[in-house]
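Residues per chain, in single letters:
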Amino acid sequence: MKEVFRHRILFLPILLCLVIVLSGERAFCQSGDNVMPVLEVESRMLYFYGDLKEISDNISKYSPEELAKANQKIAAVETKWNTYYQSKQAIIAEDDSLLQIAVNFQSTKQNLLDSIAQKLLFYDSQKIFSETEVYFNSQDSIYKQLYDTAFEYSLIKSLSDKLDKIKGKEGILAGEMQNKYDKAKEISQEFADFQPRFDIIEEKYLELKSISEKIQALEYKPWLQRIKDYLYSIAAVAMILMFINMFQAKIKSIKQARENAKKLMEMMNKDENDYPVI
């Protein structure tokens, strides 16, 4: 009995060690069972994220046609991502690193879509701006012909109806011109690169608008009234010039008076300093 009892006592530590080892292996296996799915999900998520990064890295080189295709690629990647994300949502929700990848994916996708939209808007704006430049450059001859025709009609009372038609036609053109000018201005405010080109458009717009106002102001007047209006305009210009000359002369006299006062003060100060020092 003593021998049996002794062997049992010796076997007890060995049994205890075996239990500990088996427990450790079981825990390790359970831990491994949890780690492997996380690594697989992470690898798959990073694969989708890499597709977005590849598009993002090359976007600056894309033409308008390639940008449209890039939008389609992003949509395809997003569809695959959403399908996979929903199937692994439970695993992703339990791991902070996987959640961070999901956040990075969504952020990169949105930034990429915004960037593509901005670039497509720039290309569209560039096309519109070029067409607007061609439009304004082609209006000189059109407006000259409209004004000459309208002026001739305004000389004869019986042609008043035709004059009104010319005014109506010009009014439509003026509305179209205003819309194109407003659009070009909006583009130049959105993209500073267009500002120098817009300045040229604006200069031409103001010239054409002045002619438009002259056309709309034309009406039949007897020759005597036309002569009076012409003389009044000359008189008005003469009065304006006379006022300007008087204003300039007044400013000149004020400046001269200030200079004379300054010189007088300098002479008085100099005389005071000439007294002998005792």
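Please read these numbers as outputs of a predicted model, since none were measured by experiment.

Now for the overall build of the protein chain. Looking only at helices and strands, one finds eight helices and zero strands in the protein chain. Accessible area of the protein chain: about 20,700 Å², with a carbon and sulfur share of 60%.

With that settled, the discussion passes to the confidence of the model for the protein chain. Looking at the protein chain, pLDDT values average 80 and 73% of them are 70 or higher. Note that pLDDT drops below 50 for residues 1-33; the model gives that stretch one contact with residues more than four away or on any other chain.

This part takes up the nonpolar core. Grouped together as the largest cluster of nonpolar side chains are 22 residues, with contacts concentrated most on F129, F136, Y143, A150 and M177. Elements that contribute at least two residues to this core include exactly α4 (96-137), α5 (139-154), α6 (160-190) and α7 (195-217). The element best represented in this core is α6, accounting for eight residues. In this view, M177 contacts Y135, F136, Y143, Y205, L208 and K209; residues no more than four positions away in its chain are not counted. Formed by 21 residues, the second largest nonpolar core is a distinct cluster that contains V38, V41, I101 and F105.

Counted under the stated rule, the structure contains 14 aromatic pairs. Counting every residue linked through ring pairs, the aromatic cluster contains Y47, F48, W81, Y84, Y85 and F105. Sitting over the ring of Y135, K180 keeps its end group 5.2 Å from the ring centre.

Quick look at helix α2 (residues 64-87) now. Taking 1.5 Å as the rise per residue, α2 with 24 residues should run 34 Å; its terminal C-alpha atoms sit 35 Å apart, in good agreement. Every buried residue of α2 is listed here: L67, A70, I74, V77, W81 and Y84.

Within the element layout of this structure, S188 appears in helix α6. In this structure the side chain of S188 is engaged in a polar contact, spanning 2.7 Å, whose partner is the backbone oxygen of K185. Those residues in contact with S188 that sit more than four places away from it in its chain are F194, Q195 and F198.

Okay, the side chain of K204 next. Note on placement: K204 falls in helix α7. Exposure remark for K204: the relative accessible area of 17% places this residue in the buried category. With residues up to four places along the chain from it excluded, the contact list for K204 reads F136 and D140.

What counts and how
- Residues numbered from 1 in each chain as written.
- Predicted model: local features only at pLDDT ≥ 70, side-chain atom pairs only at ≥ 80, totals over all residues.
- Heavy atoms only, no water.
- Helix = DSSP H or I, 4+ residues; strand = E, 2+ residues; numbered from the N terminus.
- Areas by Shrake-Rupley, 256 points an atom, 1.4 Å probe, with all protein chains shown as cover.
- pLDDT = per-residue confidence, 0-100.
- Contact = heavy atoms within 4.5 Å.
- Core = buried A, V, L, I, M, F, W, Y, C linked by side-chain atoms within 4.5 Å.
- Buried < 20%, exposed > 50% of the residue type's maximum accessible area, 1.4 Å probe, protein only.
- Phe/Tyr/Trp six-rings, centres within 6.5 Å; stacked < 30°, edge-to-face > 60°.
- Lys NZ or Arg CZ within 6 Å of the ring centre and 35° of its normal.
- Expected span 1.5 Å × (residues − 1).
- Polar contact = N/O pair within 3.5 Å; in protein donor to acceptor, adjacent residues only side chain to side chain.

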